[in-house]
Amino acid sequence: RPRQDGDAAGLPSGVRPRGAEPRAGAAAARLQGGCTPPAPPPSKCSSTRIQTRIANEKYLRTHKEVELLLSGFFREMFLKRPDNIQEFAADYFTDPRLPNKIHMQLIKEKKAA
């Protein structure tokens, strides 16, 4: 038999557990014919957000060093597990050897490709 609203919580059919009430929009849609209404068109804000994400993704794909910087930082942080992460991050990103490390990793990756 199809599962009823209250079955999972051992409640009578048609009774929902607290916090499982349907959204008003969904209930109204069911009353008007059993279908949910179509999603509204994307707003200008969501369109801008999507365009920003696309631009950010393109930037990250063309600047491999960003991934190397962050993955190196996280790797070292998880290996050393410092108590003061802010101090560790400051030391990591101001290490005068860091640019050369990243440069060497970029060369290594280009050779491997």
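- An unreviewed UniProt entry lists the chain under the name Regulatory subunit of type II PKA R-subunit domain containing 1, with Equus asinus as the source organism.

### Describing the pattern of salt bridges
Phase 1 of the analysis: Summed over the entire model, instances satisfying the criterion amount to five salt bridges.
Phase 2 of the analysis: Note that E57 is salt-bridged to R61, the shortest N-O span being 3.0 Å. With E57 and R61 both in helix α2 (residues 44-62) and four residues apart, this pair spans about one turn of that helix.
Phase 3 of the analysis: Judged by relative accessible area, which is 66%, R61 ranks as exposed.
Phase 4 of the analysis: The residue D95 makes a salt bridge to R97 at a minimum N-O spacing of 3.0 Å.
Phase 5 of the analysis: In this structure D95 comes out as buried when scored by relative accessible area, which is 16%.

### With respect to the packing of helix α3 (residues 64-80) against helix α4 (residues 85-93)
Phase 1 of the analysis: Two elements in contact, α3 and α4, have axes whose closest approach is 11 Å; the angle formed by their N-to-C orientations is 135°. Viewed along their axes, α3 and α4 adopt a mutual orientation that is oblique. The interaxial crossing formed by α3 with α4 has right-handed handedness. Side by side, α3 and α4 meet where L69, G72, F73, E76, M77 and K80 of the first sit next to I85, F88, A89, Y92 and F93 of the second.

### Section: the packing of α3 against helix α5 (residues 98-112)
Phase 1 of the analysis: Packing of α3 against α5 brings their axes to within 10 Å, and their N-to-C directions diverge by 115°. Note on packing geometry: the crossing formed by α3 with α5 is right-handed. Where α3 abuts α5, its residues K64, E65, L68, L69 and R75 lie against L98, I102, Q105, L106 and E109.
Phase 2 of the analysis: Within the contact of α3 with α5, the residues separate by chemical class into five nonpolar, one polar and four charged.

### Quick notes on the packing of aromatic side chains
Phase 1 of the analysis: Throughout the structure, instances matching the rule amount to seven aromatic pairs.
Phase 2 of the analysis: Ring geometry for F73 and F88: centres 5.8 Å apart, planes at 40°, overall tilted. In this pair, F73 sits in helix α3 while F88 sits in helix α4, placing the two residues 15 residues apart along the sequence.
Phase 3 of the analysis: The exposure class of F88 is buried, given its relative accessible area of 13%.
Phase 4 of the analysis: What links up through ring pairs into an aromatic cluster is the set F73, F74, F78, F88, Y92 and F93.

Quick notes on the rules
- Residues numbered from 1 in each chain as written.
- Predicted model: local features only at pLDDT ≥ 70, side-chain atom pairs only at ≥ 80, totals over all residues.
- Heavy atoms only, no water.
- Salt bridge = Lys/Arg side-chain N within 4 Å of Asp/Glu carboxyl O.
- Helix = DSSP H or I, 4+ residues; strand = E, 2+ residues; numbered from the N terminus.
- Buried < 20%, exposed > 50% of the residue type's maximum accessible area, 1.4 Å probe, protein only.
- Axes fitted to C-alpha atoms, helices over the stretch in contact; angles between N-to-C directions.
- Parallel < 35°, antiparallel > 145°, perpendicular 65-115°, else oblique.
- Left-handed = near helix turned anticlockwise from the far one by under 90°.
- Contact = heavy atoms within 4.5 Å.
- Nonpolar A, V, L, I, M, F, W, Y, C, P; charged D, E, K, R; others polar.
- Phe/Tyr/Trp six-rings, centres within 6.5 Å; stacked < 30°, edge-to-face > 60°.

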